[in-house]
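What follows is each chain in one-letter form.
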Amino acid sequence: MKYRFKVDDMSCNHCKMTIEKALQELEDIELYNVDLEKKEVSVESDGDAQEIIDKIRERGYSPELIQS
Ligand SMILES: [Cu+2]
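Please read all numbers here as calculations on a predicted model, not as lab measurements.

1. Details of the pairing of strand β3 (residues 40-45)
Where strand β1 (residues 2-7) lies against β3, 5 bridges are found, and the strand directions are antiparallel. In the strand pairing of β3, arginine 4 is matched with serine 42. Across 6 bridges, strand β2 (residues 29-35) lies against β3 in antiparallel orientation. Residue pairing for β3: tyrosine 32 is matched across the bridge by valine 43. Linkage of β2 to β3, two consecutive antiparallel strands, is achieved through a turn of 4 residues, within which lysine 39 is found at a positive phi near 60°.

Listed below in structure tokens is the structure:
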């Protein structure tokens, strides 16, 4: 599954790195991209969206799934 999340409180490269590290901890993740300018996180994963949301929230950010 491909998911896209809007993460409005991601504001600098530190945020980007923190979120990338969080995503790397998920075993089902195949691909991910963190776009700081758009404040978007794209993920290809066999897991579900909630798992990804929870993981990013753990680090203090507020992802919202973008329906596409
Ligand atoms: Cu930051």
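2. Structural notes on the environment of tyrosine 32
Structurally, tyrosine 32 can be placed in strand β2. Separated by 16 residues in the primary sequence, tyrosine 32 and lysine 16 place their C-alpha atoms 12 Å from one another. Apart from the residues lying within four places of it in its own chain, the contact partners of tyrosine 32 are Leu23, Val41, Ser42 and Val43.

Reading guide: rules and limits
Residues numbered from 1 in each chain as written. Predicted model: local features only at pLDDT ≥ 70, side-chain atom pairs only at ≥ 80, totals over all residues. Pairing = 2+ DSSP bridges. Helix = DSSP H or I, 4+ residues; strand = E, 2+ residues; numbered from the N terminus. Contact = placed C-beta atoms within 7 Å.

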